[in-house]
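Structural overview
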Amino acid sequence: SAAEKGGYDWFMQKEIAEQPQAVADTLLGRVNGDGRLVLDEMRLSEEELRAITKIIVVACGTAYHAGLIAKYAIEHWTRIPVEVELASEFRYRDPILTRDTLVIAISQSGETMDTLMAIRHAREQHSRVLAICNTNGSTIPRESDAVVYTHGGPEIGVASTKAFLTQLTACYIVGLYLAQVRGVKFNDEVAEVLTQLSESPAAIAETLKRMDPVRKLARSMVGARTVLFLGRHVGYPMALEGALKLKELAYIHAEGFAAGELKHGPIALIEQDLPVVVVVPSPKRPLLHDKIVSNIQEIRARGAKTIVIAEDGDEAVAPYADFLFHVPELPILLQPLVATVPLQVFAAELADALGYDVDQPRNLAKSVTVE
Ligand code: G6P
């Protein structure tokens, strides 16, 4: 009903707006002001966590994209190798699992059958399983050795939004906690990440205030047949997520690519007026940043309509951007917390402009309980 939507047109709009609170709730009591992480609920002992030699993240859909981003963060902070696998592929390929493998299952519902079967397989092989889940007492956390709940609150819209940002938040917490437990020295960079993570709800709220031009752009694009998404580093899984959102909601053919792969194939798809969304990393990472700026130049020279998401103050991309949206500055590993928001709004708004049901896209279910 309209009352349940609290004045919003759709649940998804409400859930996008709730993201600052959802992330704040997920951080609550876990990130202390003194620069240490507290995970009282972690049922794996510090000794067990110190013994881990490999992490495998298993998940589906949007949760899988959270896992892809988590890999960049967890490996960088802990130096533990991280693999990320679609849960539906996992047990069929005879994965290498030992007692010292930590399997992290990410699932909003905690009931996704592919993910459940993946963790059952992992436990049969004596690996430890940590669930990152939004639903108290659901099957996946019940069958796991440990659980870190995301405190996103109920998500009604089929396409995941606030669950995704809280999954990222939980992954960051787990990664930093592992680093802490394993005695990795928190250098200035990690200390900065912790501070910025605590302040990220304000950055997400600021991003939400800037969405009017994104809505307007989306509404002008009802004729689009294909939209491509490009990114590097954590921008690559963000590109995958932006494309998934557009497929799910607006039924528009969309693909996400690693920008470096452009020259190995996708650039052949570029033609006059093809919309291409590009997520640009911070200019503080010049090696990454400058490469993506030249990618944008290359596709624009071939006629692409470039829709660029860049950090505040980054004007280097302006000459090559048909549309330029700025998001607040965060350390690169945390950038998905803000830069995903315009991708969500873009897809939902375009779907609505096309007359589709944003909360209940055709053929999709909120939780898929069959393999
Ligand atoms: C379905 C939903 C997606 C979700 C995926 C995984 O496909 O439509 O939005 O990302 O399941 O769901 P889970 O509950 O395991 O996170």
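How each quantity is defined
Residues numbered from 1 in each chain as written. Predicted model: local features only at pLDDT ≥ 70, side-chain atom pairs only at ≥ 80, totals over all residues. UniProt positions renumbered as here; feature names shortened; annotations may be inferred. Helix = DSSP H or I, 4+ residues; strand = E, 2+ residues; numbered from the N terminus. Contact = placed C-beta atoms within 7 Å. Buried ≥ 20, exposed ≤ 12 C-beta atoms within 10 Å, placed from the backbone. Pairing = 2+ DSSP bridges. Axes fitted to C-alpha atoms, helices over the stretch in contact; angles between N-to-C directions. Expected span 1.5 Å × (residues − 1). Near = placed C-beta within 6 Å. Nonpolar A, V, L, I, M, F, W, Y, C, P; charged D, E, K, R; others polar.

If you check an unreviewed UniProt entry, the protein chain appears there as Glutamine--fructose-6-phosphate aminotransferase [isomerizing] from Catenulispora subtropica. Quoted verbatim from the Subcellular location (unreviewed entry) field of UniProt, the annotation for the protein chain is "Cytoplasm". Its UniProt record, at the heading Subunit (unreviewed entry), says of the protein chain: "Homodimer."

UniProt records the feature "active site" (unreviewed entry) for Lys 366 in the present numbering. On the secondary structure map, Lys 366 appears in the segment after α13 (336-353). The contact partners of Lys 366, leaving out residues within four places of it in the chain, are Ser 109 and Val 158.

This brings us to the environment of Met 12. Turning to its location among the elements, Met 12 is positioned in helix α1 (residues 11-17). Met 12 gets classed as buried once you count the C-beta atoms within 10 Å, which come to 30. Each C-alpha atom of the pair Met 12 and Arg 182 lies 39 Å from the other, and the pair is 170 residues apart in sequence. Setting aside chain neighbours within four positions, we find Met 12 in contact with Gly 157, Ala 159, Thr 161, Ala 348, Val 358 and Asp 359.

Below, the discussion takes up the sheet that holds strand β2 (residues 82-86). If you trace the five strands from one edge of the open sheet to the other, you get β2-β1-β3-β4-β5, paired in parallel fashion. Edge positions in the open sheet fall to β2 and β5 (146-149), since each of these has one partner strand only. The mean angle between the axes of side-by-side strands here comes to 20°, regardless of whether they run parallel or antiparallel. Pairing analysis gives six bridges linking strand β3 (residues 101-107) to strand β4 (residues 128-133), with the strands arranged parallel. When the bridges of β4 are listed, Ile 104 appears paired with Leu 130. Set on the sheet, helix α4 (residues 61-78) makes contact with β1 (54-59), β2 and β3; between it and β1 the angle comes to about 160°.

What follows deals with unusual backbone geometry. Positive phi is not limited to glycine here, since Tyr 251 has a value of about 55°. Locating Tyr 251 in the fold gives a position in the loop between α11 (235-250) and β7 (253-258). Looking at Tyr 251, the number of C-beta atoms within 10 Å reads 15, which means it is partly exposed. Of note, the phi angle at Asp 273 is positive, near 70°, even though the residue is not glycine. Mapped onto the elements, Asp 273 comes out in the loop between β7 and β8 (275-279).

Moving on, we get to helix α8 (residues 162-181). Helix length check: α8, at 20 residues, gives a terminal C-alpha distance of 28 Å against a target of 28 Å (1.5 Å per residue), a fit within 8%. By the criterion of burial, α8 is predominantly enclosed, with 20 of the 20 residues buried. Backbone geometry just downstream of α8 places Gly 183 in the positive-phi region, at approximately 75°.

Neighbouring residues of the ligand: 16 residues in total, closest Gly 61, Ser 107, Gln 108, Ser 109 and Thr 112. Here the shell around the ligand is built from residues that sort into six nonpolar, nine polar and one charged.

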